[in-house]
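Take a look at the letters that make up each chain.
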Amino acid sequence: MITDPTTLHILHIFYLVALAAEAMTAALAAGRRSMDWVGVILLACVTGLGGGSVRDLLLDHHPLSWVGSPSLLLVTSGAAILTIMIARHMHRLQRVFLFLDAVGLVVFSVIGSNIAIGLDQPILVVIAAGMISGCVGGVLRDILCNDVPLLLRAELYATVSVITSAIFAGGGRLGFDHNLVLLLAVTTGLCLRMLALRYNWSMPKFIYKHDLD
């Protein structure tokens, strides 16, 4: 478990950046469906904070992140409002948002795993907590937007979260330096996600078209 104050501070900064980026991508999704401002802000908050909230509820970890730090609601709401104001220029920042989305995925996964480790959970639960933190917010966004969740598509997304969480949890259990494990997990997850986007890597698909009689 990460306990070094400096490392935790740096991780928290990345978390806020990732949180804002996730909220902005959600705001754009809301805009493509012509939602009103309240809907945009709500979707941004659910996307940015939903994964951590579900994780905390499942692990009985209280208070929820946004309850303990209400300022997180201001971050997601502010990012959503900013997106509305600069939406006409957002298409120029597509690559930046893809990168920030990847950062959000791996950072959320590490933070979720770290919380589960602090609760003395088994390693499989730690990995699952990381994946829930990294992916569930996007799942909730897609469901509310009536899309097939990215998690359920062939694209490498949940896989990246699982690998990131597994490296972080496994390295810690093996006794390696926590800062080194953190760097390895984040670097591996980020590189894998960006390479998957660049080369369209995906998991094998299961296709079954026969009806059961």
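Further up the page is the structure itself.
Visitor: Explain the nonpolar core here, please?
Guide: Core analysis: the largest hydrophobic core is formed by 36 residues, its most contacted members being L11, Y15, V107 and F168. Here this core takes 11 residues from helix α5 (residues 94-118), the largest share from any one element. Look past the residues within four positions of L11 in its chain and what remains in contact with it is I2, V107, V110, I111 and L182. Counting residues in hydrophobic clusters, the runner-up holds 15 residues, among them M24, A27, A44 and A80.

Visitor: How do you make sense of a nonpolar patch on the surface when you look at a structure like this?
Guide: A contiguous nonpolar surface patch, about 340 Å² in accessible area, is contributed by W37, I81 and M85. What makes M85 exposed here is its relative accessible area of 60%.

Visitor: Would you take a moment to explain the packing of helix α6 (residues 123-144) against helix α7 (residues 158-173) for this structure?
Guide: The packing of two helices is summarised by the inter-axis angle and the distance between the axes. Running from N to C, α6 and α7 point in directions that differ by 140 degrees, and their axes come no closer than 8 Å. Classed by the angle they form, the pair α6 and α7 counts as oblique. When you trace α6 past α7, the crossing you get is right-handed. Where α6 approaches α7, its residues I123, V126, I127, G130, M131, G134 and C135 are matched on the opposing element by A158, S161, V162, S165, A166, A169, G170 and R173. Broken down by class, the residue content of the contact of α6 with α7 amounts to nine nonpolar, five polar and one charged.

Visitor: What exactly am I supposed to notice about the state of the cysteines here?
Guide: Linking two cysteines covalently through their sulfur atoms gives a disulfide. Scanning the entire structure with this criterion turns up zero disulfides. C191 carries a free sulfur, and the closest cysteine sulfur to it, the one in C135, is 18 Å from it. A residue is classified by how much of its surface remains accessible, and C191, at 43% relative accessible area, is partly exposed.

Visitor: How should the packing of helix α1 (residues 5-32) against helix α2 (residues 37-59) be read in this particular structure?
Guide: At a minimum axis distance of 8 Å, the contact between α1 and α2 shows a crossing angle of 140 degrees. When the axes of α1 and α2 are compared, the pair comes out oblique. For α1 against α2, the interelement crossing comes out right-handed. In this structure, α1 uses Y15, L19, E22, A23, A26, A27, A29 and A30 to contact α2, whose residues at the interface are V40, L43, A44, T47, G48 and L49. Each residue belonging to the contact of α1 with α2 can be placed in one class, and the counts come to 11 nonpolar, two polar and one charged.

Visitor: I tried to follow the side chain of T47 on my own but got confused; where do I start?
Guide: Following the sequence through the fold, T47 ends up in helix α2. With sequence-adjacent residues up to four places away left out, T47 is seen in contact with E22, A26, G137, G138 and R141.

Visitor: Please explain the pattern of salt bridges as it appears in this structure.
Guide: Any two side chains of opposite charge can pair, given that their charged atoms come close. According to the stated counting rule, one finds three salt bridges in the structure shown. Between D147 and R33 there is a salt bridge, and its shortest N-O distance comes to 2.6 Å. Of this pair, D147 sits in the loop between α6 and α7 while R33 sits in the loop between α1 and α2, and the two are 114 residues apart along the sequence. Between D56 and R55 there is a salt bridge whose closest N-O contact spans 3.0 Å. Like R55, D56 is buried.

Visitor: When you look at helix α8 (residues 178-199) in this model, what are you seeing that I'm missing?
Guide: What sets the pattern is the α-helix's 3.6 residues per turn: residues three or four places apart point alike. Helix length check: α8, at 22 residues, gives a terminal C-alpha distance of 31 Å against a target of 32 Å (1.5 Å per residue), a fit within 8%. For α8, the N-terminal capping position is held by D177, with its side-chain oxygen 3.2 Å away from the main-chain nitrogen of N179.

Visitor: Sorry if this is basic, but what is going on with the environment of L119 here?
Guide: Looking at the element boundaries, L119 is found in the loop between α5 and α6. Exposure remark for L119: the relative accessible area of 31% places this residue in the partly exposed category. Distance in space between the C-alpha atoms of L119 and R141 is 28 Å, their sequence separation being 22 residues. With near-sequence residues (within four places) excluded, L119 lies in contact with L59 and H61.

Cut-offs applied
Residues numbered from 1 in each chain as written. Predicted model: local features only at pLDDT ≥ 70, side-chain atom pairs only at ≥ 80, totals over all residues. Heavy atoms only, no water. Core = buried A, V, L, I, M, F, W, Y, C linked by side-chain atoms within 4.5 Å. Buried < 20%, exposed > 50% of the residue type's maximum accessible area, 1.4 Å probe, protein only. Helix = DSSP H or I, 4+ residues; strand = E, 2+ residues; numbered from the N terminus. Contact = heavy atoms within 4.5 Å. Patch = residues over 30% accessible without salt bridge, like charges linked within 9 Å, V, L, I, M, F, W, Y side chains within 5 Å. Areas by Shrake-Rupley, 256 points an atom, 1.4 Å probe, with all protein chains shown as cover. Salt bridge = Lys/Arg side-chain N within 4 Å of Asp/Glu carboxyl O. Axes fitted to C-alpha atoms, helices over the stretch in contact; angles between N-to-C directions. Parallel < 35°, antiparallel > 145°, perpendicular 65-115°, else oblique. Left-handed = near helix turned anticlockwise from the far one by under 90°. Nonpolar A, V, L, I, M, F, W, Y, C, P; charged D, E, K, R; others polar. Disulfide = S-S within 2.5 Å. Expected span 1.5 Å × (residues − 1). Polar contact = N/O pair within 3.5 Å; in protein donor to acceptor, adjacent residues only side chain to side chain.

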